Amino acid sequence: MALEHSDRGWVQVPDGLPRPRALGGLWAVRHAQSEANVWYADPATQTRPMRGTDAGMDLTEYGRAQSRRLGGWLAALASTQRPGLVVCSPYLRARLTWALMADAAVRERRRPPIRTLVDERLRDREMGVFELHPYRAIRRRAPEEASRREQVGNWVYRPPGGESLADVAVRVRAFLDELDAVAPDEQVLLVTHDAVIVSLRYILDGLGAPVPDSLEPVPNASVSQWRREGARLALRVWGSTEHLSGSERDE
């Protein structure tokens, strides 16, 4: 592993072979705090699944406040860093995060609306029969599956009817290759999920990069950035929540 200096200090860079990229730069925002995030974090509810659907999970009030702070961050970006295109996950929590961000950016600095698309390949990891199941709920319902996940590792574990993180990386790679072809030289912002952002890092680290099974977490409402350097996109910010200063941050 090599070290490169970033805005947040030194970042480890795998000795992979990144492919050339035409994008001018890439931002990735994880959606703000959702009701599922609270459910998963609460010991009182960790042993049972939530009702509803993953795609329809709403933001909390705190998540809405985080989204507005993200809008302030977006409005304050220099013109050379400001995205000209936003691509959003179809899931409700991501679309609401972006809607509140965009509204705050317009109100705070009268920024013009940004062209926005929704792409289903930016959806969260599908957990199949374990949709909206915290890990302890999976262990309680199907201990053999929990044991299999521990044995093979979360990167390749595929729940029945669902996806592994490796599967997510396959669809994210296809999305990124297509985005590269249709938006050359553009600054692009993705509003999506932690599994997608981890996949982005794995893909952009290049051929031969290690499986990202021990990365730093991607907090809710965090910002990650890849900057164009020569022919590649290089990681410069990972999971930053500096824009949330002045409000309670996610655990």
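How each quantity is defined
- Within each chain, residues carry numbers counting from 1 in the order of the written sequence.
- pLDDT decides what is reported in this predicted model: residues at 70 or higher carry local features, side-chain atom pairs at 80 or more are listed and counted, and totals for whole chains, interfaces and linings draw on all residues regardless.
- No hydrogens and no water enter the side-chain calculation; it runs on all heavy atoms of the structure.
- Between N-to-C directions, angles cover 0 to 180 degrees, with each direction set by a line fitted to C-alpha atoms, over the stretch in contact for helices.
- Here a strand is any run of E in DSSP of at least two residues, a helix any run of H or I of at least four, and the numbering for each starts at the N terminus.
- Angular relationships are summarised with four words: roughly parallel below 35 degrees, roughly antiparallel beyond 145, roughly perpendicular across 65 to 115, and oblique for the angles in between.
- Whether a crossing is left-handed or right-handed is set by the direction in which the near helix is turned from the far one by less than a right angle, anticlockwise for left-handed and clockwise for right-handed.
- Only heavy atoms matter for contacts: two residues are in contact if any of them lie within 4.5 Å across the pair.
- Lys, Arg, Asp and Glu make up the charged group, whereas Ala, Val, Leu, Ile, Met, Phe, Trp, Tyr, Cys and Pro make up the nonpolar group; the residues left over, Gly among them, are polar.
- A pair of strands is treated as paired once DSSP finds two or more bridges between them.
- Here the term cavity refers to a set of points on a 1 Å grid, laid over the protein atoms alone, in which a 1.4 Å probe fits but cannot get out; the term pocket refers to an open set having protein on both sides within 12 Å along at least five of seven lines, with lining residues being those that place an atom within 4 Å of a point.
- Grid points are joined across faces, edges and corners, and a volume is the space filled by probe spheres set on the points.

Where an unreviewed UniProt entry is consulted, the protein appears under the name Broad specificity phosphatase PhoE, with the organism given as Nocardia caishijiensis.

(A) Spatial organisation of the packing of helix α6 (residues 165–182) against helix α7 (residues 194–205). The interhelical angle for the contact between α6 and α7, taken along N-to-C directions, is 70°, at an axis separation of 9 Å. Between α6 and α7, the crossing angle belongs to the class labelled roughly perpendicular. Of the two elements, α6 crosses α7, and the hand of that crossing is right-handed. Contacts between α6 and α7 involve L165, V168, A169, R171, V172, R173 and L176 on the former and, on the latter, A195, V196, S199, L200, Y202, I203 and L204. By residue class, the composition of the contact of α6 with α7 is eleven nonpolar, one polar and two charged.

(B) Quick peek at the sheet that holds strand β5 (residues 115–118). Pairing in this open sheet of six strands is mixed, and the strands run β5-β4-β6-β3-β7-β8 from one edge to the other. If you trace the sheet from one side to the other, it starts and ends with β5 and β8 (232–240), each paired once. Looking at each pair of strands side by side, their axes are set apart by 20° on average, direction ignored. Judged from the four bridges that link them, strand β4 (residues 85–88) and β5 form a sheet pairing that is parallel. For L85, the partnering residue across the bridge sits in β5 and is R115. Of the strands in this sheet, β3 (25–30), β6 (187–192), β7 (223–229) and β8 touch α7, which is tilted by about 150° from β3.

(C) How the structure looks around empty space enclosed by the protein. A full pass over the atoms with the stated rule returns one cavity of 30 Å³ or more. Reported here for the largest cavity is a volume of approximately 30 Å³. Along the walls of the largest cavity sit P18, R19, R21, I203, L204, R232 and L233, which together make up its complete lining. Taken together, the elements giving at least two residues each to the lining of the largest cavity come down to α7 and β8.

(D) Region of the structure containing the packing of helix α2 (residues 61–76) against helix α3 (residues 92–109). Running from N to C, α2 and α3 cross one another at 50°; their axes reach a closest spacing of 7 Å. By the angle between their axes, α2 is oblique relative to α3. As for how α2 packs across α3, the hand of that crossing is right-handed. Seen from α2, the contacting residues are R64, S67, R68, L70, G71, G72, W73, L74, A75 and A76; seen from α3, they are L96, T97, W98, L100, M101, A104, A105, R107, E108 and R109. Classifying every residue of the contact of α2 with α3 gives eleven nonpolar, four polar and five charged.

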